[in-house]
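Examination of the molecular architecture
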Amino acid sequence: MCIAAPAQIIEIDEEENSAVVDFGGVRQKVKLDLVEDVSEGRYVLVHSGYAIEVLSDQAARESLEAWDELLKVLEEENLD
């Protein structure tokens, strides 16, 4: 199973075709080779160091909400 996580673009390096993205406080550099029309502030899905899809604002909200729910369930399981 492959999982892609939503991240917000913080900074774009056009020369390297890469960006620094933020996963809720964790920043990582990702490649932008597979997406077009990206800009700072937009959300992308990231898998294996590559942005694989640019998200609409609504899709970004829904994806972030789903991740929050998943993290809550995982935390509860770890407490048991």
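Look up: the structure comes first, before these words.
Given the structure is predicted, the values throughout are model-derived calculations rather than measurements.

Cut-offs used in this document
Residues numbered from 1 in each chain as written. Predicted model: local features only at pLDDT ≥ 70, side-chain atom pairs only at ≥ 80, totals over all residues. Heavy atoms only, no water. Helix = DSSP H or I, 4+ residues; strand = E, 2+ residues; numbered from the N terminus. Buried < 20%, exposed > 50% of the residue type's maximum accessible area, 1.4 Å probe, protein only. Contact = heavy atoms within 4.5 Å. Lys, Arg positive; Asp, Glu negative; His and termini not counted. Charge placed at Lys NZ, Arg CZ, Asp CG, Glu CD. Salt bridge = Lys/Arg side-chain N within 4 Å of Asp/Glu carboxyl O. Polar contact = N/O pair within 3.5 Å; in protein donor to acceptor, adjacent residues only side chain to side chain. Pairing = 2+ DSSP bridges.

**Re the overall build of the protein chain**
When helices and strands are counted, the protein chain shows one helix and five strands. For the protein chain, the α and β elements follow one another from N to C terminus as β-β-β-β-β-α. Considered along the principal axes of its C-alpha atoms, the protein chain spans approximately 50 × 25 × 20 Å. Across the 80 residues in the protein chain, those meeting the buried criterion constitute 22%. Of the contacts formed within the protein chain by residues at least 6 apart in sequence, a portion of 32% connects residues at least 24 apart. Of the charged side chains in the protein chain, 6 are positive and 20 negative, and the gap between their average positions amounts to 3 Å.

**Here we look at the pattern of salt bridges**
Considering all chains together, one arrives at two salt bridges under this definition. Where lysine 29 meets glutamate 16, a salt bridge forms, and the shortest distance between an N and an O atom there is 2.5 Å. Residue lysine 29 is located in strand S3 (residues 26-31), and its partner glutamate 16 is located in the loop between strand S1 (5-13) and strand S2 (18-23); the two are separated by 13 residues in the primary sequence. Looking at lysine 29, the relative accessible area reads 48%, which means it is partly exposed. For glutamate 16, a relative accessible area of 39% translates into the label partly exposed. Across the pair aspartate 22 and arginine 27 runs a salt bridge whose closest N-O atoms are separated by 3.5 Å. On the basis of relative accessible area, aspartate 22 is assigned to the buried category, the value being 17%. The class of arginine 27 is exposed, set by a relative accessible area of 55%.

**Concerning the side chain of aspartate 22**
For aspartate 22, the position within the fold is in strand S2. Among the polar contacts listed, one links the side chain of aspartate 22 to the backbone nitrogen of glycine 25, at a separation of 2.8 Å. Here arginine 27 takes part through its side chain, which lies 3.5 Å from a polar atom of the side chain of aspartate 22. Among all residues touching aspartate 22, those that are not within four sequence positions of it are Ala7, Gln8, Ile10 and Arg27.

**With respect to the pairing of strand S4 (residues 43-47)**
Examined bridge by bridge, S1 and S4 share four bridges and lie antiparallel to one another. Each bridged residue has a counterpart across the sheet, and for alanine 5 the counterpart in S4 is valine 46. Between S4 and strand S5 (residues 50-55), which pair antiparallel and follow one another directly, the connecting turn spans two residues, one of which, serine 48, has a positive phi of 55°.

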